[in-house]
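Spelled out, the chains give:
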Amino acid sequence: MTADPTAAPGIAGASGEPDDEARRLYLAILDAGGRIPSADVAEDDRAALGRLVDIGLLMPNPMDACYTAVSPRSVSDRLGAELLSEATRLLVRAENLPGALDSLTRAYDAMPRPPERSGGAVYIEGHVHIRHRISQLVSDCRTEVLTAQPGHRPAEALKIALPQDLQLLQRGCSLRTVYQPVAVSAPAALAYADEVTRHGSLIRILDEPFQRMFVFDRSVAVLSANEDHSTAAFITDPAAIAFLVNAFERDWARADAPDWTAAHANGPTRDTPDRVGRLLARGLTQRAVATRLGLSERTVAAHISRLRDRYGAQTLFQLGWLMRGGPDER
């Protein structure tokens, strides 16, 4: 069996407990820091690696062509909830699952990590190492993740994020994200937003500049430390985290909440302000334009304000008149 690093982890057909070979490989990966390149997996270990991926103890990372260890505690929580919902006959197995993974949990907790001292910040350099540490924080998260992600999100990054975020939501954690409009201007981004919001995630759009940020369980915050995001600061100071959470909540309150299912069905727009103007020129109201494009009325109002400035229009009627004759919107 050859494991595919692009495949998402599934649910093990049996109890979710790794066999002896899978346990040995998992512990070896923890000894190596919780990450193993796909090319370094011995042929004899491929079957065990596939079982770990199926159970969810390893997360494939196609961007870095590697596998990352996942906390057995989070695996236990997810599988336990599913087993409990199946039938009474599975109850004992589900309740025993945390104990079955206890030795792996202790090994995971003992894995070497960057030091996190209260009152300071730890700086990690290199995109690979930053993604690895963030994956660990997602795996360890118990209640809530707050993220503010300005700019465009590459399709490969979304492909990695989707299974991680779905597992997070299935464990009962909350996930709130603030994007800029450009972040959802591509089909992959709209598909991601539609999928995770259907599983309980909340995503809003804020047409303002803001800083990239992650906050895990309101105990660890991650900030970019340079312009190319190749260095990140991992902050544990309670006062600093409280300040960052308050900033996130202010942005969240000002942000718009689109209908992501409608936005995904309609597809991305190349020039949303011009589409808004052409629909106004056809006689649609501001509310009708918002419904047609899958946007909030406040976002449409912001586009109208910028279009008025561009065309020097004083009223909606004048703006529609000035923009008449554009391509028909279908």
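Refer to the structure presented above.
Remember, predicted model here, so these are calculated numbers, not experimental data.

A. Seen up close, the sheet that holds strand E7 (residues 202–205). The strand order across the open sheet built from seven strands is E4-E10-E9-E8-E5-E6-E7, with neighbouring strands paired in mixed fashion. Unpaired on one side and paired on the other, strand E4 (121–125) and E7 mark the two borders of the sheet. Within this sheet the neighbouring strands show an average axis-to-axis angle of 15°, counted without direction.

B. Here's a closer look at the packing of aromatic side chains. Summed over all chains, the structure comprises two aromatic pairs. Centroid distance Phe214 to Phe216: 6.3 Å. Interplanar angle 5°. Geometry classified as stacked. In this pair, the class of Phe214 matches that of Phe216, namely buried. Taken together, a centroid distance of 5.9 Å and an interplanar angle of 20° make the contact between Phe248 and Trp252 stacked. Remark: Trp252 and Phe248 occur in helix H9 (residues 238–254); sequence separation between them is four residues, near one turn of the helix. For the residue pair Phe248 and Trp252, the accessibility class agrees, reading buried in each case. The ring of Tyr192 has Arg153 lying over it, and the distance from NZ or CZ to the ring centre is 5.6 Å. Sitting over the ring of Trp252, Arg176 keeps its end group 5.1 Å from the ring centre.

C. Region of the structure containing H9. The terminal C-alpha atoms of H9 lie 25 Å apart, and with 17 residues this matches the ideal 24 Å at 1.5 Å per residue to within 8%. Regarding H9, the residues found buried are Ile241, Leu244, Val245, Phe248, Asp251 and Trp252. Viewed end-on, H9 has its buried residues packed into an arc of 125°, placing them on one side of the element. Among the exposed residues of H9, those oriented more than 90 degrees off its buried face are Ala239, Phe243 and Ala253. Contacts from the buried residues of H9 go to strand E5 (144–149), strand E6 (174–179), E7, strand E8 (213–216), strand E9 (220–224) and strand E10 (231–235).

What counts and how
Residues numbered from 1 in each chain as written. Predicted model: local features only at pLDDT ≥ 70, side-chain atom pairs only at ≥ 80, totals over all residues. Heavy atoms only, no water. Pairing = 2+ DSSP bridges. Helix = DSSP H or I, 4+ residues; strand = E, 2+ residues; numbered from the N terminus. Axes fitted to C-alpha atoms, helices over the stretch in contact; angles between N-to-C directions. Phe/Tyr/Trp six-rings, centres within 6.5 Å; stacked < 30°, edge-to-face > 60°. Buried < 20%, exposed > 50% of the residue type's maximum accessible area, 1.4 Å probe, protein only. Lys NZ or Arg CZ within 6 Å of the ring centre and 35° of its normal. Expected span 1.5 Å × (residues − 1). Arc of directions from axis to C-beta. Contact = heavy atoms within 4.5 Å.

As far as function goes, none of this settles anything; it's purely spatial.
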